[in-house]
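One letter stands for each residue in the lines below.
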Amino acid sequence: MPSPSADRQGVTPDGRGSSAFSRRTLITSLVVTTGVGAGGALAVAGDEAPASPARNPATGSPPAEQFHGTHQSGIATPQQRYAYFAAFDLEAVDSKGKRLSTERIATNFQHLMERWSGAAERLMRGRPAGPLPVNRPGAPADSGVADGLPPSRLTLTFGLGPELFDTIGRQEQRPRHLRELPAFSTDQLQPAWSGGQLFVQICGDDPQSISHAFRALRGRAPGLARLRWSQQGFLGRFGEATPRNLFGHKDGTANPRAGAAAFDDAVWVSGPDEPSWFTGGTYLVFRKIRMDLPKWDTSTALQQDQSIGRRRDTGAPLSGGHEFTPPDFGRTGPDGEPVIPPDSHLALVRDIPMLRRSYNYDYAFQARAEPAGEHDHHGADQPGHSHDDPLHDHAGTGHDTYDTGALFCAYLRDPGDFIRAQQKMAAADRLNAFIQHTGSAIFAIPPAVQPGRHLAAALFPQR
């Protein structure tokens with residue numbers, strides 16, 4: 001569920017730091033949160049308890065995640081504490097500015113996938129990614145920032161955007177449902193964190209290992225692809241309990257359990273209506289959702305619970321019971337009104353088959369740098385926006401911004417289910433008073449591969 005261009009921060013579409021903000025716009029947090037976000041579902045009905053990772057009885061630590069197999073890791077994997085998301089675009093011109101042919105771009109894409117697949121397999125085993133393709137003589141082969149660290153359940157998950165298949169001349173191989181999401185009435189999307197031809201999700205329990213992995217991937221991209229956007233997020237240490245989002249509510253209650261039939265039906269692609277190479281893959285809808293926390297924190301507990309449809313303390317639906325009690329949408333209160341409001345988030349997103357694997361983010365206070373002479377840096381000439389008001393976050397005004405919220409990730413077999421849910425929420429969700437959709441992207445997540453193959457090899461059977 002995510003983004004206006006006057007409000008950009010951090011990374012421009014070409015991967016360089018934006019000059020629109022001052023140096024105080026450094027991002028300092030990393031992420032993982034289950035099912036946060038109005039772009040899909042911040043909190044939903046369900047009866048599945050959260051799963052926890054298995055541990056090695058000899059060491060007490062979880063074993064390293066596997067890169068090869070049937071499905072990519074980082075989807076059914078029990079959710080890690082931190083995550084890094086990034087989108088790239090393939091280079092369309094060479095170093096001299098000459099337009100590359102479709103065949104050349106396709107070859108570059110294959111080279112990149114070979115590099116990334118090999119590096120990912122090694123990184124997930126806790127090993128160095130290997131020497132960079134291009135480096136200065138005498139430069140170390142690896143940054144060394146992860147030396148001595150265990151794998152910490154590191155996973156690297158890769159996706160392909162809608163534009164990619166035209167760019168590499170493989171239109172007939174595009175997954176059936178892979179097309180740009182429609183515009184939703186509540187969207188305030190920013191190009192700075194929307195779209196992309198290639199997607200990388202890096203998750204783990206150690207933020208330094210994640211940073212190391214991202215550097216390893218980006219170091220293999222020059223000349224082949226450039227960074228379009230990146231986002232980082234985190235998840236609290238809730239143990240066996242359902243994580244809480246930055247609204248303080250439990251988030252991810254309704255997720256299907258990995259390995260169950262309901263999970264497979266909701267997430268993994270199969271059947272003759274999709275290209276054969278995509279069997280065992282899935283779709284990812286990514287949405288950046290800014291939360292107006294100053295407004296939320298000064299609303300009443302009743303307003304908050306009725307916006308979600310659940311009690312904040314227990315996670316139970318307002319119709320009663322415990323966190324995993326199925327909601328009773330027909331139950332009414334003494335006033336004859338439904339105890340779970342029909343326009344609550346819970347009521348609007350019920351029965352939508354998807355895995356929500358979302359993350360919190362907190363980039364804190366972002367100060368926008370403005371050219372001298374236009375007006376003072378406090379926006380004193382802007383009527384209706386007093387910077388003396390500590391409860392106003394000025395989101396979308398082009399001035400100071402308090403940027404916190406959710407990086408919503410929905411893995412699902414059919415993105416149409418997400419679209420239908422988002423259209424209902426855009427029309428009526430009470431949470432719309434507290435959230436802003438500021439970034440958006442959709443990707444096809446290929447199945448995993450066997451050793452010796454790369455993630456896009458099936459698109460080029462002649463190689």
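Whatever comes next refers back to the structure up there.
Right, let's get into the overall build of the protein. A count of helical and extended segments in the protein gives eight helices and nine strands. Counting every position in the protein, which comprises 463 residues, the buried fraction comes to 53%. Here the protein displays about 19400 Å² of accessible surface, and carbon together with sulfur accounts for 51% of that area.

Considering the arrangement of structural elements, one finds Ser230 in strand 4 (residues 225-234). Classification of Ser230 by relative accessible area gives buried; the value is 8%.

Turning to the pairing of strand 1 (residues 82-90), a few remarks are in order. Residues in a regular strand point their side chains to alternate faces of the sheet. Across the nine residues of strand 1, nine count as buried, placing the element largely inside the fold. By the alternation rule, side chains of strand 1 split into Tyr82, Tyr84, Ala86, Phe88 and Leu90 and Ala83, Phe85, Ala87 and Asp89, which are all buried. Two elements, strand 1 and strand 3 (residues 198-204), share seven bridges in a ladder whose sense is antiparallel. Looking across to strand 3, one finds that Ala83 is bridged to Cys203. Across nine bridges, the pairing between strand 1 and strand 4 is antiparallel. When the bridges of strand 4 are listed, Ala83 appears paired with Gly233.

Here the focus is the pattern of salt bridges. Tallied over the entire structure, the rule returns 13 salt bridges. With its nearest N and O atoms 2.9 Å apart, the salt bridge here joins Arg176 to Asp273. With Arg176 in the loop between helix 2 (164-167) and strand 3 and Asp273 in the loop between helix 4 (261-267) and strand 5 (282-291), this pair connects stretches of sequence that are 97 residues apart. Judged by its relative accessible area of 38%, Asp273 falls in the partly exposed class. Across the salt bridge formed by Arg290 and Asp403, the nearest N and O atoms sit 3.0 Å from each other. Here Arg290, found in strand 5, pairs with Asp403, found in strand 8 (residues 401-412); they are 113 residues apart in sequence, far enough to count as distant.

In terms of residue burial, strand 2 (residues 155-160) counts as a mostly covered element, since six of its six residues are buried. Of the two faces of strand 2, both are covered, the one formed by Thr155, Thr157 and Gly159 as well as the one formed by Leu156, Phe158 and Leu160. Where strand 2 meets strand 3, six bridges bridge the pair, whose relative direction is antiparallel. Its bridge partner lying in strand 3, Thr155 is registered against Cys203.

For soluble globular proteins, nonpolar side chains are generally found buried alongside one another. Formed by 73 residues in total, the largest nonpolar core has its most connected members in Phe88, Phe109, Trp116, Leu156, Leu198 and Ile202. Broken down by element, the residue count for this core peaks at ten residues, all from helix 1 (residues 102-124). Leaving out residues up to four positions away in the same chain, Ile202 has contacts with Tyr82, Ala83, Tyr84, Leu154, Thr155, Leu156, Ile210, Ala213, Phe214 and Leu217. Residues Ala83, Ala87, Cys203 and Leu355 belong to the second largest nonpolar core, which totals 25 residues.

On to the packing of helix 1 against helix 3 (residues 207-218), then. Closest axis-to-axis distance for the helix 1/helix 3 pair is 10 Å, and the angle between their directions is 160°. With respect to their mutual orientation, helix 1 and helix 3 come out roughly antiparallel. In this structure, the crossing between helix 1 and helix 3 has a hand that is right-handed. Residues Trp116, Ala119 and Leu123 of helix 1 form the contact with helix 3, whose own contacting residues are His212, Ala213, Ala216 and Leu217. Classifying every residue of the contact of helix 1 with helix 3 by side-chain character gives six nonpolar, one polar and no charged.

Definitions and cut-offs
- Residues numbered from 1 in each chain as written.
- Predicted model: local features only at pLDDT ≥ 70, side-chain atom pairs only at ≥ 80, totals over all residues.
- Heavy atoms only, no water.
- Helix = DSSP H or I, 4+ residues; strand = E, 2+ residues; numbered from the N terminus.
- Buried < 20%, exposed > 50% of the residue type's maximum accessible area, 1.4 Å probe, protein only.
- Areas by Shrake-Rupley, 256 points an atom, 1.4 Å probe, with all protein chains shown as cover.
- Pairing = 2+ DSSP bridges.
- Salt bridge = Lys/Arg side-chain N within 4 Å of Asp/Glu carboxyl O.
- Core = buried A, V, L, I, M, F, W, Y, C linked by side-chain atoms within 4.5 Å.
- Contact = heavy atoms within 4.5 Å.
- Axes fitted to C-alpha atoms, helices over the stretch in contact; angles between N-to-C directions.
- Parallel < 35°, antiparallel > 145°, perpendicular 65-115°, else oblique.
- Left-handed = near helix turned anticlockwise from the far one by under 90°.
- Nonpolar A, V, L, I, M, F, W, Y, C, P; charged D, E, K, R; others polar.

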